[in-house]
Amino acid sequence: MATSPPGVGEPIIETTGITKRFGERVAVDAVDLLVPRGCAFGFLGPNGAGKTTLIRVLLGLTPADSGSMRLLGLPLPQQRERALARVGAIVEEPSFHRHLTGRENLRLAAACREPEAHARIDPALEQVGLTERAGDRVKTYSMGMRQRLGIARCLLADPELLILDEPTNGLDPAGIIEFRSFVRRLVDEGRTVFLSSHLLDEVEKICDRAAIVDHGKILVTGTVDELASGGQPTIVIGCDDAATAERVLLEHPAVRESGEVAGGLRLVLAAGDTVTIADINRRLVEAGVGVHRIEPARVTLEERFLEVTSRLGAQE
C-alpha cells in the first residue's frame, strides 16, 4: 500500500490495488494512488490510458473488480453518498437542458442539494466568467462555455474536491489561460483539484503534483518538478571545440550519451550519479577546451513522459 509523501496529511483520494476489467481488457491495473489535500493534481496519460475509467470507478459510475479506495477519508463504496456530497465532478463533456438558460440549469441542480446551494449560483457563475451569458439558453453556448458551466455546477456543492476529466477540451487559448488562474484560486481556497489530461503542457503549468499513467498502470508519481527531474540528468556545455569536448567527456564513467548542439555539447549522465559540473569543467580546461557556459538542462515533463511510457512499451 502506498504511503503519503513527507509533510502531507491524510490524502483526499486513496486507492490500493484498484483493478477494472472489460472482458479480457484491463483498463485499470492494480492502481495505488494518493492525492494530497489542497493541491492541483494531474492524472496524465494518452487517450485510452485508463484515466476516465478510474474516475468513473471513484465516483461509483462503474464498479471496481478488486482493490479498495477512500474519498475524503471515507471508505468506498460503503460511505459513497456522504463522500460525494462534498465532491464536484465532470466526466467527459457535461450535459445540460439545452433549451434552458445557464442560470436555470444551475437552479435545477441546486434544487437537488442543500438550501445553501441556491446562494452559490451567482458567485459560481462569476467565478467561471459566465455572468453575462447566464440568461442565454445553453444551446447557444460553445463547448468551452458548457465546460465552464459544468464547473459552475460543481461549485454549488461547495466541494472540497473537484474531479475534472479533460477540463480544457473546447477552450480557446484565452480560456485555457483563464482556467489555469481559476484552478489556482480554487487551490488557494484550500480545495483540491484532480484533473485528467493528455495535454502535458497544461499539466506542467497548472498542477503541483501529477501521476503519469499508461495501459492502466501508474508509472511514476510526484511533484511536477520531481517528475521532470526524475529522468537522466542532462548538462549543456557551451564551448569552442565541441568535437574535442565530446571525445574527452565520453571517457568519463558518468557520461551515457553526448551530442553536439548549437555552440557546444549536450551530455546525458547516469541517473543518480554525483558527478559535478566543476569536475567536467576541469577535464575540459585540462584538454585545452575553452568553456563559456556549463549548466544543467531542465528536462520537460514531456520528455519525462515519453521516457517512461516508451519504457513501458518496451517491457510489454
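Scroll up a little and you will see the structure.
Just so we're clear, the structure is a prediction, and the values are computed from it rather than from any experiment.

All right, on to the sheet that holds strand E10 (residues 217-223) then. Pairing is mixed in the open sheet, where 6 strands are placed in the order E6-E7-E8-E3-E9-E10. Edge positions in the sheet fall to strand E6 (87-90) and E10, since each of these pairs with one other strand and no more. Each neighbouring strand pair of the sheet contributes to a mean axis angle of 15 degrees, computed without reference to strand direction. Alignment of strand E3 (residues 40-44) against strand E8 (residues 192-197), held across 5 bridges, turns out to be parallel. Directly across from Ala 40, in E8, lies its bridge partner Val 193. Each of E6 and strand E7 (161-165) touches helix H6 (residues 143-155); the most contacted strand, E6, lies at about 165 degrees to it. Contacting E3, E7 and E8, helix H7 (residues 173-188) crosses the sheet at an angle of about 145 degrees to E8.

This next bit is on the side chain of Thr 168. With respect to the secondary-structure elements, Thr 168 resides in the loop between E7 and H7. Aside from chain neighbours lying at most four places away, what touches Thr 168 is Gln 147, Ile 176, Phe 179 and Leu 199.

Attention shifts here to the packing of helix H3 (residues 102-111) against H6. At a closest axis distance of 10 Å, the pairing of H3 and H6 adopts a crossing angle of 30 degrees. Relative to H6, the element H3 is oriented roughly parallel. You can see that H3 and H6 cross each other, and the crossing is right-handed. Where H3 abuts H6, its residues Gly 102, Leu 106 and Ala 109 lie against Leu 149, Ala 152 and Arg 153. The class makeup of the residues in the contact of H3 with H6 is 4 nonpolar, 1 polar and 1 charged.

A word on the environment of Leu 58. Its location among the elements puts Leu 58 in helix H1 (residues 51-58). You can call Leu 58 buried: its relative accessible area is 0%. When the C-alpha positions of Leu 58 and Arg 80 are compared, they lie 9.1 Å apart, and in sequence the two are 22 residues distant. Look past the residues within four positions of Leu 58 in its chain and what remains in contact with it is Ile 13, Thr 15, Met 69, Leu 71, Leu 76 and Arg 80.

Moving on to the side chain of Glu 166. In this fold, Glu 166 is placed in the loop between E7 and H7. Residue classification places Glu 166 among the buried residues on the basis of a relative accessible area of 9%. For Glu 166, the side chain forms a polar contact with the side chain of His 198, separated by 3.1 Å. In contact with Glu 166, other than residues within four places in its own chain, are Asn 47, Lys 51, Gln 147, Ser 196, Ser 197 and His 198.

We now examine the sheet that holds strand E5 (residues 74-76). Spatially, the 4 strands line up as an open sheet ordered E2-E1-E4-E5, and their pairing is antiparallel. Pairing within the sheet leaves two strands with one partner each, and these edge strands are strand E2 (25-35) and E5. Going from strand to strand, the sheet's axes swing by 25 degrees on average, the running direction of each strand aside. Pairing geometry for strand E1 (residues 13-22) and strand E4 (residues 66-71), over 5 bridges, is antiparallel. Of the residues in E4, the one forming a bridge with Glu 14 is Arg 70.

Cut-offs used in this document
- Within any chain, residue numbers begin from 1 and follow the written order of that chain's sequence.
- In view of the model being predicted, local features appear only for residues whose pLDDT reaches at least 70, and side-chain atom pairs are presented and counted only at 80 or more, with totals across whole chains, interfaces and linings using the full set of residues.
- Think of the side-chain values as coming from all heavy atoms in the structure, minus any hydrogens and water.
- DSSP calls a pair of strands paired once it identifies at least 2 bridges connecting them.
- Secondary structure elements follow DSSP: runs of H or I no shorter than four residues count as helices, runs of E no shorter than two count as strands, and numbering proceeds from the N terminus.
- Angles run from 0 to 180 degrees between N-to-C directions of axes, and those axes are lines fitted to C-alpha atoms, restricted for helices to the stretch in contact.
- Here, two residues are considered to be in contact whenever any of their heavy atoms come within 4.5 Å of each other.
- An angle below 35 degrees is treated as roughly parallel, one above 145 as roughly antiparallel, one from 65 to 115 as roughly perpendicular, and anything else as oblique.
- Here is the rule for handedness: rotate from the far helix to the near one, and if that takes an anticlockwise turn smaller than a right angle the crossing is left-handed, while a clockwise turn gives right-handed.
- Three categories are distinguished: nonpolar for Ala, Val, Leu, Ile, Met, Phe, Trp, Tyr, Cys and Pro, charged for Asp, Glu, Lys and Arg, and polar for the others, with Gly belonging to the last.
- Exposure categories follow from relative accessible area, calculated using a 1.4 Å probe and restricted to protein chains: below 20% of the type maximum is buried, above 50% is exposed, and the middle band is partly exposed.
- Residues adjacent in sequence count toward polar contacts only when both atoms are side-chain atoms; beyond that, a polar contact is any pair of N or O atoms within 3.5 Å, and within protein one must be able to donate a hydrogen and the other to accept it.

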